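Given next are the chains, with one letter for each unit.
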Amino acid sequence: MKLIVVSAGLSTPSSTRLLADRLAEAARDELAARGQAPSTQVVELRELAGDIANHLVTGFPPPRLSAAIDAVTAADGLIAVTPVFAASYSGLFKSFFDVIDPDALSGKPLLIAATGGTARHSLVLEHAVRPLFSYLRAVVVPTAVFAASEDWGSGGDEYTDGLPGRVRRAGAELAALMAARPVGEEPEDDVTILERQLADLRFD
């Protein structure tokens, strides 16, 4: 079982990569509780920026980019995390998924997340990121995780989950979908598969 993490953070270190790592850890912990141990690979898009631009204009991916595309295509589960720029996902994030075959993500369990300076950007996940992957027919988990600057170290309040709680819930949802889908399976009916898998989710 392969868990691939796509991080579009631009700095080192970055809050985007930090969030990606925490989500991957949550998914791995839940899968481990289910008796499964996925391999995990992180695709850092900042290291592939030049290759992505070259591929967009030439149509031929350099070896590093080709390997990253192959990893995403072969994944049993995906985590995709982007910083927010101009009220949407970053151009680097979108460009990477533009060079992947439109059918490659069909039926794949996917967790989406984003980082930004303020919680006012949190709806980016619902009005930009989720529609992108719905178009690509990925199976996006219900809980999307947004981390604003003030979320780091926050425990939440009586009405909302803090960032750690949202990370755990999203990771558990992704793990449930991955565990319910046989490794390497290409579902014939994405809608039926999604309905069945979400019906099996149980959380306290």
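Figured I'd write up the structure that's included with this text. Counting of residues starts from 1 at the beginning of each chain's written sequence and follows it residue by residue. In view of the model being predicted, local features appear only for residues whose pLDDT reaches at least 70, and side-chain atom pairs are presented and counted only at 80 or more, with totals across whole chains, interfaces and linings using the full set of residues. To obtain the side-chain values, all non-hydrogen atoms of the structure were included, while hydrogens and water were left out.

## Observations regarding the nonpolar core
Here is step 1 of the chain: Residues grouped as a nonpolar core are buried Ala, Val, Leu, Ile, Met, Phe, Trp, Tyr and Cys residues, joined through side-chain atoms within 4.5 Å. Residue exposure (1.4 Å probe, protein chains only): buried if accessible area is under 20% of the type maximum, exposed if over 50%, otherwise partly exposed. Counting residues in hydrophobic clusters, the biggest one holds 40 residues, and the most contacted among them are Phe96, Phe97 and Phe133.
Here is step 2 of the chain: Every helix listed is a DSSP run of H or I at least four residues long, and every strand listed is a run of E at least two residues long, numbered separately from the N terminus. Breaking this core down by element, the ones donating at least two residues are strand E1 (2–7), helix H3 (63–73), strand E3 (77–85), helix H4 (91–98), strand E5 (109–116), helix H5 (124–135) and strand E7 (145–148).
Here is step 3 of the chain: Counting residues per element, this core draws most heavily on H5, which supplies six residues.
Here is step 4 of the chain: In this description, contact between two residues means that some pair of their heavy atoms is separated by no more than 4.5 Å. Residue contacts for Phe96: discarding those within four places in its chain leaves Val6, Leu45, Ile52, Leu65, Ala68, Ile69 and Val72.
Here is step 5 of the chain: Of all hydrophobic cores here, the second largest spans 24 residues; its members include Ala27, Leu111, Val167 and Ala170.

## Here's the deal with the packing of aromatic side chains
Here is step 1 of the chain: Only Phe, Tyr and Trp rings are paired, with Trp represented by its six-membered ring, and only when their centres lie within 6.5 Å; those with planes under 30 degrees apart are stacked, over 60 edge-to-face, the remainder tilted. The final tally for this structure, using the stated rule, is five aromatic pairs.
Here is step 2 of the chain: Taken together, a centroid distance of 4.9 Å and an interplanar angle of 90° make the contact between Phe97 and Phe133 edge-to-face. Note that Phe97 is positioned in helix H4 and Phe133 in helix H5, a separation of 36 residues in sequence. Here Phe97 matches Phe133 in class, with each residue buried.

## Let's talk about H4
Here is step 1 of the chain: For H4, the set of buried residues is Leu92, Phe93, Phe96 and Phe97. Looking straight down H4, one finds its buried side chains confined to an arc of 130°; they lie on one side.
Here is step 2 of the chain: Packed against the buried residues of H4 are E1, helix H2 (49–58), H3, E3, strand E4 (88–89) and H5. Each direction from the helix axis to a C-beta atom contributes to the arc, which is the arc of those directions.

## Digging into the packing of helix H1 (residues 15–33) against helix H6 (residues 163–180)
Here is step 1 of the chain: Axes here mean lines fitted to C-alpha atoms, for a helix over just the part in contact, with angles spanning 0 to 180 degrees between N-to-C directions. Relative to each other, H1 and H6 sit at 50°, their axes nearing to 7 Å. If you check the angle between H1 and H6, you find them oblique. In this structure, H1 meets H6 at a crossing whose hand is right-handed. In this structure, H1 uses Leu19, Arg22, Leu23, Ala26, Ala27, Glu30 and Leu31 to contact H6, whose residues at the interface are Leu163, Val167, Arg168, Ala170, Gly171, Ala172, Leu174, Ala175, Met178 and Ala179.
Here is step 2 of the chain: For the contact of H1 with H6, a count of residues per class yields 13 nonpolar, one polar and three charged. Put simply, angles under 35 degrees are roughly parallel, angles over 145 are roughly antiparallel, angles from 65 to 115 are roughly perpendicular, and the rest are oblique. Handedness of a helix crossing follows the sense of rotation of the near helix relative to the far helix, less than a right angle counterclockwise being left-handed and clockwise being right-handed. Polarity classes work like this: nonpolar for Ala, Val, Leu, Ile, Met, Phe, Trp, Tyr, Cys and Pro, charged for Asp, Glu, Lys and Arg, and polar for all others, with Gly in that last group.

## Here's the deal with the pairing of E3
Here is step 1 of the chain: Taking burial as the measure, the nine residues of E3 include eight buried ones, the bulk of the element.
Here is step 2 of the chain: Two strands make a pair as long as DSSP finds a minimum of two bridges between them. Judged from the five bridges that link them, E1 and E3 form a sheet pairing that is parallel. Bridged to Ser7 within E3 is Val81.
Here is step 3 of the chain: Sheet analysis places E3 next to E5, joined by six bridges and oriented parallel. Within the sheet, the bridge partner assigned to Ile79 lies in E5 and is Leu111.
Here is step 4 of the chain: Judged from the two bridges that link them, E3 and E4 form a sheet pairing that is antiparallel. Each residue of the ladder has a partner; that of Phe85, found in E4, is Ser88.

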